[in-house]
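Understanding the architecture of this molecule
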Amino acid sequence: MTIPVTYDDGPPLRARTQEAVADDQLRANLRSTAASWTAGREKMRAEFGFDEMRDRAREIRRDNIRRLPELLDRLEERVRANGGVVYRAADRDAATRYVLDLARARGARLVAKSKSMATEEIKLNEALEEAGLRVVETDLGEWILQLAGQRPSHIIAPAVHLNRTQVAELFRAESGEDLPDDREALVAYARRRLREDFAAADIGVSGVNLGVADTGTLCVMENEGNARLVTALPRIHVAVMGAERVVADWDEAAHILQLLPMAAIGDDASTYVNLVTGPRRDGETDGPEELHLVILDGGRTALRGTEFEEALHCIRCGACLYSCPMWRTVGGQAYGSPYSGPIGAVITPLLEGTSSPRGSELPFLSSLCGACHEACPVGIPLHDLLVRIRGAVSTPVHRRERRGARIWAAAWRRPLVYRAGVRLTRLGLRVLGRDGWITKLPGPAGRWTSQRDLPTRWPPTP
Amino acid sequence: MAADPLTDRFIGALARRRATGEAVAGADCADACVAQLREWGAQRALVPDDLWLAELRVPETMAAAGFDVVMWPSDRGWRELLGLDHAPPTCAVTVPVRAVAERGTLVIASSPTHGRSLDAVGWWHLAVLADDRIDGTLAEALRATYPPGAAAASGVSLVSGPSRTSDVEKITTYGAHGALAEHVVVVRSSRSG
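Residues numbered from 1 in each chain as written. Chains lettered and ligands numbered in written order. Predicted model: local features only at pLDDT ≥ 70, side-chain atom pairs only at ≥ 80, totals over all residues.

**Some words on the overall build of chain A**
Scanning chain A for helices and strands turns up 21 helices and 12 strands. The C-alpha radius of gyration of chain A comes to 25 Å, within 12% of the 23 Å expected for a compact globule of 462 residues. Dimensions of chain A along its principal axes, counting C-alpha atoms only, are 90 × 55 × 50 Å. Residues classed as buried in chain A amount to 50% of the 462 residues present. (Helix = DSSP H or I, 4+ residues; strand = E, 2+ residues; numbered from the N terminus. Rg over C-alpha atoms; globule rule 2.2 N^0.38 Å. Buried ≥ 20, exposed ≤ 12 C-beta atoms within 10 Å, placed from the backbone.)

Right under this line is the structure:
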């Protein structure tokens, strides 16, 4: 496997991964995280029939994506009938612009957010902050990262790479209070502090785990309760949904709503599922006065009917991340994309194209071991998709490598050329070697000898 | 009184969700609620203006026991309802429309007298549930909550235990943004007669 290092836009992938590998703290955090996920998954297998549920989930998602245009139309029609506003955003900029224009038109100053990958994808926070709004991430992990000025390292456990001492330092800096390194105290501080923002926010922004087409209901799953407050207290609720996140009816929704936390954290339910069917009704004193659903395409629907369609089946549980030996080693931030791990390596290039640095690098950040496929609750063959995407990557480095491989293949198909090549190589090794060993090769081959020595003949001289 | 198997399963599942539950006769419901408020050390109860709760004499009994009873809808501001500005420690009371025996899930629907944020604004969450509202599975409960052709509640919350986070070192900590603890008083009806 070769990870090319040719890019000029920020530190290249190799540098990011090397930095991550050298971070002992990060690796210890990742190790314990992955271990607890593995234990949870075993429990779900043994006690809740995870494997059987997976087959049905796969059928549901396949059907959802085949019927996507029809389901989206129905969802849109139902949300409107419930009193909501629907905006179909063709790309990331359009989605961001819509929210920004809405915030400006309503004179909003404070935006409270619950965790949402779609808003990470469209870089909503940056856009709102540039426009002078204050944006508060209210999911504890996301808030910690916001204070740290970092990006999430996992789809559902964003701050998994930081430990309690690091969190306590951030909170002390934020509050000026002398907070102990104690988990309960840290959580209680965040609760108190963020309630100030829930009480004052003009706009609540959430993601959407599933849209139920039959009733026009948006499902927002969480464990903390912040998404409830985000969707219930501010005057305006903006829900940003990836266009593929739609199911037909409540039977399908019930199945996915149960399977998702099982796959994500090895738990048989998430603490809260907030089901939003329109803004507040007459006589109600909470719930938003305005509900806006932004359906983000951003390259999704173009994948239907292609060999990459299965990537749209994803329900964003993060199981493939935990299962991946690469992610377990370098964590999510090294990926440099809001979506990390195997699914990130698949959908980043699919949504952004393979010509960008991360779009061309990420498909190669995998050993293709297939653990992600096994972990996926909807059975996406992520390793196959990675191979197909690799085939589609065409940067100068990849073209050069492919040319090299073609020359190699051509030579090895001709016995004469092959034998001549072997002789030439042997001769070369002896010329370069000292006392039967080569310790430093010139040019790109130097990378190989930087880690090990090469004997000039076999068996090597001791 | 004979035990109802669904109620038993539901209460068993609550324990797995780190919540607690008990089944009582209608006449004992108000006392059970008061006992729970005392156990938690609540001083105030935020109670939906619900006819059935009134019939069970829940708000009345709480007030008589010395708790500050605030009825929903309330004209108190969000800061106070959220427990800011030194508001007294508050328990939110809910009346779920359905419950799921399999996973200990409460289905709570919004209405003018039952805010969608109700259970998440208090420090504790006390639910009063009629036992004939308990379904076996989530799919059954959702089918009953969203009957075809009928208008759905604008906000429905599926609540499975107290609020929690694992964002600090992947260790579960309770009371993140919602309730620190959850207790369900299941009121026996004719079915368990």
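That shown, we press on.
**Notes on the interface of chain B and chain A**
Much of the literature gives interface size as the accessible area that the parts lose upon coming together. Between chain B and chain A, the residue contacts involve 43 residues of the former and 57 residues of the latter. Residue assignment for the side of chain B that touches chain A shows that the elements contributing at least two residues are α5 (78-81), α7 (138-145), β9 (155-159) and β10 (164-165) of chain B. Of the residues contributing to the side of chain B that touches chain A, the split by class is 18 nonpolar, 17 polar and 8 charged. Two elements, strand β9 (residues 272-276) of chain A and β9(B), share 5 bridges in a ladder whose sense is antiparallel. In the strand pairing of β9(B), A:Val273 is matched with B:Leu158. (Contact = placed C-beta atoms within 7 Å. Nonpolar A, V, L, I, M, F, W, Y, C, P; charged D, E, K, R; others polar. Pairing = 2+ DSSP bridges.)

**A look at the sheet that holds strand β3 (residues 134-137) of chain A**
Residue and element names in this part refer to chain A. Taken together, 6 strands build an open sheet; the order of strands is β1-β10-β7-β4-β2-β3 and the sheet is parallel. One side of each edge strand has no neighbouring strand; the edge strands of this open sheet are β1 (85-89) and β3. Adjacent strand axes in the sheet meet at a mean angle of 20 degrees, parallel and antiparallel pairs treated alike. As defined by bridge partners, strand β4 (residues 203-207) adjoins strand β7 (residues 236-242) across 5 bridges and the pair is classed as parallel. When the sheet's bridge partners are listed, Val 205 is paired in β7 with Val 238. (Axes fitted to C-alpha atoms, helices over the stretch in contact; angles between N-to-C directions.)

**Thoughts on the confidence of the model for chain B**
As a general rule, the predicted coordinates of low-pLDDT regions are not to be interpreted in detail. Per-chain confidence: chain B averages 94 in pLDDT, with 96% of residues scoring 70 or above. In the predicted complex, the global pTM is 0.91; the interface-specific ipTM is 0.96. (pLDDT = per-residue confidence, 0-100.)

**Looking at the environment of B:Gly115**
Assignment of secondary structure puts B:Gly115 in the loop between β6 (105-109) and α6 (118-121). Taking the C-alpha atoms as reference, B:Gly115 lies 8.5 Å from B:Gly155; in sequence the two are 40 residues apart. Contact partners of B:Gly115, with chain neighbours within four places excluded, come to A:Thr285, A:Asp286, B:Trp72 and B:Ser110.

**Side note on the sheet that holds strand β3 (residues 68-72) of chain B**
Residue and element names in this part refer to chain B. Pairing within the open sheet is parallel, and its 6 strands lie in the order β1-β12-β7-β4-β2-β3. The open sheet has two edge strands, β1 (20-25) and β3, and neither has a second partner. Taking each pair of neighbouring strands and ignoring which way they run, the sheet shows an average axis angle of 20 degrees. Bridge analysis of β1 against strand β12 (residues 181-188) gives 6 bridges, and the strand direction is parallel. Bridging from a neighbouring strand, Glu 22 pairs with Val 185 of β12.

**As for the nonpolar core**
Core analysis: the biggest nonpolar cluster contains 190 residues, and A:Cys219, A:Val294 and B:Val128 have the highest contact counts within it. Considering each element in turn, this core owes the most residues, 11 residues, to helix α12 (residues 250-265) of chain A. Apart from residues no more than four positions distant in its own chain, A:Val294 is found in contact with A:Tyr87, A:Ala89, A:Ala95, A:Tyr98, A:Val99, A:Val238, A:Ala239, A:Val240 and A:Met241. (Core = buried A, V, L, I, M, F, W, Y, C linked by C-beta atoms within 7 Å.)

**Here we look at the domain arrangement of chain A**
The domains assigned to chain A are domain 1 (49-302) and domain 2 (417-462). For domain 1 of chain A versus domain 2 of chain A, the separation of C-alpha centres amounts to 57 Å. (Domains from an automatic or database assignment.)

**A word on the packing of helix α9 (residues 164-175) of chain A against helix α10 (residues 183-200) of chain A**
All names here are of chain A. Orientation of α9 relative to α10, taken along the N-to-C sense of each, is 35 degrees, at an axis distance of 11 Å. Between α9 and α10 lies a crossing whose hand is left-handed. Of the residues in α10, those touching α9 at Arg 164, Val 167, Ala 168, Phe 171 and Ser 175 are Arg 183, Leu 186, Tyr 189 and Arg 193. Here the contact of α9 with α10 is composed, by residue class, of 5 nonpolar, 1 polar and 3 charged. (Left-handed = near helix turned anticlockwise from the far one by under 90°.)

**Description of the confidence of the model for chain A**
Model confidence for chain A is summarised by a mean pLDDT of 92, while 96% of its residues fall at 70 or above. Contacts from residues 1-8 of chain A, a stretch scored under 50 in pLDDT, to residues over four places away or in other chains number 18 contacts.

**A short note on the packing of α12(A) against α7(B)**
Where α12(A) contacts α7(B), the two axes come as close as 9 Å, and the packing angle between them is 135 degrees. Judged by the inter-axis angle, α12(A) sits oblique to α7(B). The element α12(A) and its partner α7(B) pack so that their crossing is right-handed. Across the interface between the two elements, A:Trp250, A:Asp251, A:Ala253, A:Ala254, A:Leu257 and A:Gln258 from α12(A) touch B:Leu138, B:Ala139, B:Leu142 and B:Arg143 from α7(B). Looking at side-chain class alone, the contact of α12(A) with α7(B) contains 7 nonpolar, 1 polar and 2 charged residues. (Parallel < 35°, antiparallel > 145°, perpendicular 65-115°, else oblique.)

**Comments concerning the environment of A:Pro363**
Within the element layout of this structure, A:Pro363 appears in the loop between α16 (357-361) and α17 (371-375). When neighbours within four sequence positions are excluded, A:Pro363 is seen to be in contact with A:Ala345, A:Pro349, A:Leu386, A:Ile389, A:Arg390 and A:Val393.

**Focus on the pairing of β9(A)**
All names here are of chain A. Buried residues dominate β9, accounting for 5 of its 5 residues. Neither face of β9 is exposed, since Tyr 272, Asn 274 and Val 276 on one face and Val 273 and Leu 275 on the opposite face are all buried. Here 5 bridges tie strand β6 (residues 217-222) to β9, and the two strands are oriented antiparallel to one another. For Glu 222, the partnering residue across the bridge sits in β9 and is Tyr 272.

**Some details on helix α2 (residues 24-48) of chain A**
All names here are of chain A. Over its 25 residues, α2 extends 35 Å from the first C-alpha to the last, a length consistent with the 36 Å expected when each residue adds 1.5 Å. Listed as buried for α2 are Leu 26, Asn 29, Leu 30, Thr 33, Ala 34, Trp 37, Gly 40, Arg 41 and Met 44. Buried residues in α2 make contact with α1 (13-21), α3 (50-66), α12, α13 (319-323) and α14 (325-330). Just beyond α2, the residue with positive phi is Gly 49, at close to 60 degrees. (Expected span 1.5 Å × (residues − 1).)

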